[in-house]
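# Observations on chain architecture
Chain by chain, the residues run as shown.
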Amino acid sequence: MRKTLTLLALATATLGHAQAAGTALANGDFAFTGLNVNTTVGGWSFVTFVDLAPGTTIYFTDTNVLQTPTSAGVFSTASEAFWSWTASTAVSAGTSVALLGTGTTGQYAAKSGAAGGTANGTVTNLNGQVSNISSSGDILYAFQAASYATNYQPGQITFLGAISNRGSYTSSDNPTAATGLSGIQLREFKVDATTATRYTQFSAQVSTADAPFTTLAGLQTALASNANWTTVAGSN
């Protein structure tokens, strides 16, 4: 995603968990607003529809989510990268949050707010995996849990949102069956069945104009319209 990244909006489907500190998000509180799969200067963005207290932690991973959880948990046992973002200051509902690539593969720094954003919080690569979000088909998930683990039982995790450039889904990676995500909780940006897709961004609200919507309901409605998104095959 560009340096002028938009918000990250997370919509949540709750399977049950305890947030260790900060704000516990509920169904409908969160939606992704952008993703750039460039491994060094890319990133992603979101916005929440509730205020976030300092200490709120949101986890992200591109590990496959199984259509039917196994005894090991909801994720594939072939784990990929896991990251966490923990807010250092409060974030008002509707405020842009962007995790921006630092130039080192798999490493990100967070900003929130208008005019390019102000540094806010800590982004941690939790398992040392490099970013490998694929332009040819991948899914990035956001979730909350009491603490980091490479797998969870359904009652230990709350899926918040997913952003996908997959053309289709299988039992080994399905963002709807096991997570309950739908609507603006699941942003799909595949151009077509064969074109690799690297970048999508909610263009109606960007970090240089952080609050063009008078209500959160207006923001949610805008997020649901494809006309308000820019998607390209090339890297940005």
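Structural notes, computed from the coordinates. (Residues numbered from 1 in each chain as written. Predicted model: local features only at pLDDT ≥ 70, side-chain atom pairs only at ≥ 80, totals over all residues. Heavy atoms only, no water.)

## Some thoughts on the overall build of the protein
- When helices and strands are counted, the protein shows one helix and 15 strands.
- Evaluated residue by residue, the protein yields a buried proportion of 50% over its 236 residues.
- A fraction of 72% describes how many contacts in the protein between residues 6 or more apart in sequence connect residues 24 or more apart.
- For the protein, the accessible area works out to roughly 8600 Å², and carbon and sulfur atoms hold 51% of it. (Helix = DSSP H or I, 4+ residues; strand = E, 2+ residues; numbered from the N terminus. Buried < 20%, exposed > 50% of the residue type's maximum accessible area, 1.4 Å probe, protein only. Contact = heavy atoms within 4.5 Å. Areas by Shrake-Rupley, 256 points an atom, 1.4 Å probe, with all protein chains shown as cover.)

## Comments concerning the sheet that holds strand β9 (residues 118-119)
- With antiparallel pairing, seven strands are arranged side by side in an open sheet as β9-β8-β7-β2-β1-β14-β15. Where the open sheet ends on each side, the last strands, each with one partner, are β9 and β15 (229-232). (Pairing = 2+ DSSP bridges.)

## Let's talk about the nonpolar core
- Membership of the largest hydrophobic core comes to 26 residues, with the highest contact counts inside it found for Trp-44, Ile-58, Phe-60, Trp-85, Leu-99 and Leu-140.
- Looking at this core, the elements with two or more residues in it are β1 (30-36), β2 (43-48), β3 (57-61), β6 (82-86), β7 (97-101), β8 (108-112), β11 (139-145) and β12 (157-164).
- A per-element tally of this core places β1 first, with three residues.
- The next biggest cluster of nonpolar side chains, apart from the first, holds 16 residues, and it includes Val-74, Phe-143, Tyr-152 and Phe-159. (Core = buried A, V, L, I, M, F, W, Y, C linked by side-chain atoms within 4.5 Å.)

## Some words on the pattern of salt bridges
- Taken as a whole, this structure holds one salt bridge when the rule is applied.
- In this structure, the salt-bridge partner of Arg-166 is Asp-173, at a minimum N-O distance of 3.2 Å.
- The class of Asp-173 is buried, set by a relative accessible area of 1%. (Salt bridge = Lys/Arg side-chain N within 4 Å of Asp/Glu carboxyl O.)

## Topic: the pairing of β11
- Within β11, seven of the seven residues are buried, which leaves it mostly tucked inside the rest of the structure.
- Neither face of β11 is open: one carries Ile-139, Tyr-141, Phe-143 and Ala-145, the other Leu-140, Ala-142 and Gln-144, and all of them are buried.
- Pairing between β3 and β11: three bridges, direction antiparallel. Looking across to β11, one finds that Phe-60 is bridged to Ala-142.
- Both β11 and β12 contribute to a ladder of seven bridges, which runs antiparallel. Pairing of Phe-143 across the sheet is with Phe-159, part of β12.

## Concerning the side chain of Asn-151
- Within the secondary structure layout, Asn-151 lies in the loop between β11 and β12.
- We classify Asn-151 as buried; its relative accessible area is 16%.
- A polar contact is formed between the side chain of Asn-151 and the backbone oxygen of Ala-72, at a distance of 3.4 Å.
- A polar side-chain atom of Asn-151 sits 3.1 Å from the main-chain amide nitrogen of Val-74. (Polar contact = N/O pair within 3.5 Å; in protein donor to acceptor, adjacent residues only side chain to side chain.)

## Overview of the environment of Leu-140
- By secondary structure assignment, the location of Leu-140 is in strand β11.
- A sequence separation of 103 residues divides Leu-140 from Val-37, and the C-alpha atoms of the two residues are 10.0 Å apart.
- If sequence neighbours within four positions are ignored, Leu-140 has contacts with Phe-32, Leu-35, Trp-44, Phe-60, Thr-61, Asp-62, Trp-83, Ile-133, Gly-161, Ala-162 and Ile-163.

## A word on the side chain of Gln-185
- With respect to the element layout, Gln-185 can be found in the loop between β12 and β13 (186-188).
- The class of Gln-185 is buried, set by a relative accessible area of 6%.
- Among the polar contacts listed, one links the side chain of Gln-185 to the side chain of Asn-27, at a separation of 3.3 Å.

These figures capture arrangement, not role.
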